[in-house]
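The primary structure of each chain is shown beneath.
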Amino acid sequence: MKLTTLICCGFLIAFGVFAAVYALSGFDLLLFLCAGNRVVYRSLLSLAGIGALWLLFWLIAFRPTKPLS
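These figures come from a predicted structure and were not determined experimentally.

Cut-off values and rules
- Residues numbered from 1 in each chain as written.
- Predicted model: local features only at pLDDT ≥ 70, side-chain atom pairs only at ≥ 80, totals over all residues.
- Heavy atoms only, no water.
- Helix = DSSP H or I, 4+ residues; strand = E, 2+ residues; numbered from the N terminus.
- Rg over C-alpha atoms; globule rule 2.2 N^0.38 Å.
- Contact = heavy atoms within 4.5 Å.
- Areas by Shrake-Rupley, 256 points an atom, 1.4 Å probe, with all protein chains shown as cover.

A. Up close: the overall build of the protein. Each helix and strand counted, the protein has 3 helices and 0 strands in total. Its helices and strands in sequence order give the protein the pattern α-α-α, from N to C terminus. Against the 2.2 N^0.38 benchmark of 11 Å for 69 residues, the protein shows a C-alpha radius of gyration of 15 Å, more extended than a compact globule. If one aligns the C-alpha atoms of the protein with their principal axes, the spans along those axes are about 45 × 25 × 15 Å. Across the protein, every contact between residues at least 6 apart in sequence was considered, and the portion connecting residues at least 24 apart equals 51%. For the protein, the computed accessible surface area is about 5300 Å², with 74% contributed by carbon and sulfur atoms.

Structure, rendered in structure tokens:
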């Protein structure tokens, strides 16, 4: 469970960096790393969505911030 959460966090951080590079420079780093293959590009983007849904589930189910209050 912890490993899955760390992997999803890593995916989302990486995609955040790719989005920042694209927003600031106009160069799509993720598409470049996919060698222009749109199928791989869309597959990696779907992994970001799955990672975000997993983290949403984790935050609702396990409430890691509850001991802070």
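B. Just the environment of L33, in detail. Its location among the elements puts L33 in helix α2 (residues 29-33). Separated by 16 residues in the primary sequence, L33 and V17 place their C-alpha atoms 13 Å from one another.

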